[in-house]
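Chain by chain, the residues:
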Amino acid sequence: MTKVAGSDCVHFLLNALQKRGYTCIGPTIRDAAIVYDEIRSEQDLPIGYTDEQDGGTYRLKKRSDQARFGYTVGPQSWKQYLFPPSTLLMTARRTSDGFEAASPIDNVRPHAFIGVRPCDLNAIAIQDRTFLKGTYIDRTYQKRREAAFIVVVNCGQAGRTCFCVSMESGPMARSGYDLALTEILESGRHEFLVETGSERGEEVAAELPFRSATEEDGHAAQRMVDRAVHQMGRTMDTSGIKELLYRNMEHPRWDNVAARCLSCANCTMVCPTCFCSSVEEVTDLTDDHTERWRRWDSCFTADHSYIHGGSVRPTTLSRYRQWMTHKLATWIDQFQTSGCVGCGRCITWCPVAIDITEEVRVIRETDGAKRH
Ligand code: SF4
Ligand code: SF4
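A short note on the site of ligand 2
Turning to step 1, where the next piece is worked out: Neighbouring ligand 2 are 13 residues, the closest being Cys261, Leu262, Cys264, Cys267 and Cys350.
Turning to step 2, where the next piece is worked out: Residues of the shell around ligand 2, tallied by class, amount to 11 nonpolar, 2 polar and no charged.

Put into structure tokens, the structure is as follows:
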């Protein structure tokens, strides 16, 4: 079902979803950035704002229109709701007979994610594979994932660090959503094309006061997405990338990037597909109660690669190389897909503007196979 809604589309959508018991999470402005938080009304959206991004640069600016989704992506992704930074896995309490252990069943409320970008929808699919499609199912992730209603917003503009076209993950969503919106902004027109992708999406859309879409509405939405394709700030040639990186593990470029990299782990924290975590035990002062927590970790921390006797990645070179080759090469062997969706966050939020697309370009241009 394809419909057209006015510029106040999100107002009706929020009412319909809240009536069904969903807590609606969407973009809002905090600390001069667009972040995700609970949105109770359309006025919580970053109406009339856009973002300017480049290597190590992020700025919010006013737009000349009232666009609801006139930005690209901020520092946060939906990972924080599906795979939270801290998760309580287990508790144990001392009793007269010993210890009583419990696995807290997460009380997950239904969430509606409003404004998921196509690259981030692909990132969710990649994390689904990691947490749900291997030998072990991650129950915490599974509960949160099943409780999520997904409203994608196709991109009508792209940023200078975006390269989703190269990674075939955007700027238009093909499947995996409940509803997909395209915000049409042209020649004084401000409307939304609304497409349904699931039964529950159909149910929600059916009760909203939207009109049926015409062929021209579809063309207008396509023009918006085409505009984003042409604005895409970066590209990455992914042909034979796995083999390229495998045969260049000793490339001199790794020394060059190591000299700039601060090992700060920002790139892994902002990446929507990174899933490293560590587990820690916390015991209270009485020794009667203990908790086991899972927390986000990063391949850039020394502890994360510690095995008996020492760290297997003691240098910055080995950590950056591990991160980049995992994203673009070993991930393919592990999960049959790339670990990168081209969202550009690791470029924008790197304090020294290290750029994964540039590192690949240099290694490709000076490929060991060509050098010998
Ligand atoms: S590696 Fe960088 S561009 Fe790719 S998905 Fe992660 S943050 Fe986005
Ligand atoms: S590449 Fe940039 S963001 Fe990542 S660890 Fe190095 S300095 Fe930090």
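There is more to say, and it comes next.
Focus: the sheet that holds strand S13 (residues 277-283)
Turning to step 1, where the next piece is worked out: If you walk across this open sheet you meet the 4 strands as S7-S6-S14-S13, and the pairing is antiparallel. The open sheet has two edge strands with one neighbour each: strand S7 (98-102) and S13. Neighbour-to-neighbour, the strand axes of the sheet open up by a mean angle of 20 degrees, direction not taken into account.
Turning to step 2, where the next piece is worked out: With 5 bridges joining them, strand S6 (residues 86-95) and S7 adopt antiparallel strand pairing. Note that in S7 the partner of Arg93 across the bridge is Glu100.

Let's talk about the packing of helix H3 (residues 118-132) against helix H4 (residues 139-146)
Turning to step 1, where the next piece is worked out: Two numbers describe how H3 lies on H4: the axes approach to 9 Å, and their chain directions differ by 140 degrees. The orientation of H3 relative to H4 falls into the category oblique. For the crossing formed where H3 meets H4, the hand is left-handed. Of H4, the residues touching H3 (which contributes Ile124, Gln127, Asp128, Phe131 and Leu132) are Tyr141, Gln142 and Arg145.

Considerations on the nonpolar core
Turning to step 1, where the next piece is worked out: Counting 31 residues, the largest nonpolar core has Leu17 and Ile114 as its most contacted members.
Turning to step 2, where the next piece is worked out: Those elements giving two or more residues to this core turn out to be helix H1 (9-19), strand S3 (33-38), strand S8 (111-116), strand S9 (148-153), strand S10 (179-186), strand S11 (189-196) and helix H5 (199-206).
Turning to step 3, where the next piece is worked out: Of all the elements, H1 adds the most residues to this core, at 6 residues.
Turning to step 4, where the next piece is worked out: Other than its neighbours up to four places away in sequence, Ile114 contacts Leu14, Leu17, Cys24, Ile25, Gly26, Pro27, Ile39, Phe69, Trp78 and Val151.
Turning to step 5, where the next piece is worked out: Formed by 30 residues, the second largest nonpolar core is a distinct cluster that contains Trp254, Ala265, Met324 and Leu328.

Remarks on the packing of aromatic side chains
Turning to step 1, where the next piece is worked out: Applying the stated rule across the entire model yields 18 aromatic pairs.
Turning to step 2, where the next piece is worked out: A ring pair is formed by Phe83 and Phe131, whose centres lie 5.0 Å apart and whose planes are at 45 degrees; its orientation type is tilted. With Phe83 in the loop between helix H2 (79-82) and S6 and Phe131 in helix H3, the pair connects residues that are 48 residues apart, well separated along the chain.
Turning to step 3, where the next piece is worked out: By relative accessible area, Phe83 is classed as buried at 1%.
Turning to step 4, where the next piece is worked out: Between the aromatic rings of Phe131 and Phe275, the centroid separation amounts to 6.3 Å while the plane-to-plane angle is 80 degrees, which identifies the pairing as edge-to-face. Here Phe275 lies in the loop between helix H9 (266-270) and S13 and Phe131 lies in helix H3, a separation of 144 residues in the sequence.
Turning to step 5, where the next piece is worked out: The exposure class assigned to Phe131 is buried, which follows from its relative accessible area of 7%.
Turning to step 6, where the next piece is worked out: Ring-pair connections join several aromatic residues into one group, and the members of that group are Phe83, Phe131, Tyr141, Phe275, Trp296, Trp331 and Phe335.
Turning to step 7, where the next piece is worked out: One residue, Lys79, lies across the ring of Trp296, its end atom 4.5 Å from the ring centre.
Turning to step 8, where the next piece is worked out: It is Arg117 that lies over the ring of Tyr71; its NZ or CZ is 4.8 Å from the centre.

Some words on the side chain of Asp120
Turning to step 1, where the next piece is worked out: Mapped onto the elements, Asp120 comes out in helix H3.
Turning to step 2, where the next piece is worked out: Overall, Asp120 belongs to the buried group, its relative accessible area being 2%.
Turning to step 3, where the next piece is worked out: When neighbours within four sequence positions are excluded, Asp120 is seen to be in contact with Tyr36, Val73, Trp78, Pro272 and Arg345.

As for H5
Turning to step 1, where the next piece is worked out: Every buried residue belonging to H5 is among Gly201, Val204 and Ala205, and all of these are buried. Along H5, the residues classed as buried sweep out an arc of 95 degrees about the axis, all on the same side.

Quick look at helix H12 (residues 356-365)
Turning to step 1, where the next piece is worked out: The element H12 is largely enclosed, with a buried count of 7 among its 10 residues.
Turning to step 2, where the next piece is worked out: Among the residues of H12, Ile356, Thr357, Glu359, Val360, Val362, Ile363 and Arg364 are the ones counted as buried.

Some remarks on the environment of Asp333
Turning to step 1, where the next piece is worked out: Secondary-structure assignment places Asp333 in helix H10 (residues 316-335).
Turning to step 2, where the next piece is worked out: Separated by 283 residues in sequence, Asp333 and Thr50 place their C-alpha atoms 38 Å apart.

Examining the sheet that holds strand S12 (residues 211-212)
Turning to step 1, where the next piece is worked out: With mixed pairing, the 8 strands of this open sheet are ordered in space as S3-S2-S8-S9-S10-S11-S1-S12. Single-partner strands in this sheet number two, and they are S3 and S12.
Turning to step 2, where the next piece is worked out: As judged from the 3 bridges shared by strand S2 (residues 23-30) and S8, these two strands associate in the parallel manner. Along S8, the bridge assignment pairs Thr23 with His111.

Details of the state of the cysteines
Turning to step 1, where the next piece is worked out: Under the criterion given, the structure shown has 0 disulfides.
Turning to step 2, where the next piece is worked out: We note that Cys9 lacks a disulfide partner, and the nearest cysteine sulfur, in Cys24, lies 12 Å from it.
Turning to step 3, where the next piece is worked out: Overall, the relative accessible area of 0% leaves Cys9 in the buried class.

Parameters and conventions
- Residues numbered from 1 in each chain as written.
- Chains lettered and ligands numbered in written order.
- Predicted model: local features only at pLDDT ≥ 70, side-chain atom pairs only at ≥ 80, totals over all residues.
- Heavy atoms only, no water.
- Near = heavy atom within 4 Å.
- Nonpolar A, V, L, I, M, F, W, Y, C, P; charged D, E, K, R; others polar.
- Pairing = 2+ DSSP bridges.
- Helix = DSSP H or I, 4+ residues; strand = E, 2+ residues; numbered from the N terminus.
- Axes fitted to C-alpha atoms, helices over the stretch in contact; angles between N-to-C directions.
- Parallel < 35°, antiparallel > 145°, perpendicular 65-115°, else oblique.
- Left-handed = near helix turned anticlockwise from the far one by under 90°.
- Contact = heavy atoms within 4.5 Å.
- Core = buried A, V, L, I, M, F, W, Y, C linked by side-chain atoms within 4.5 Å.
- Buried < 20%, exposed > 50% of the residue type's maximum accessible area, 1.4 Å probe, protein only.
- Phe/Tyr/Trp six-rings, centres within 6.5 Å; stacked < 30°, edge-to-face > 60°.
- Lys NZ or Arg CZ within 6 Å of the ring centre and 35° of its normal.
- Arc of directions from axis to C-beta.
- Disulfide = S-S within 2.5 Å.

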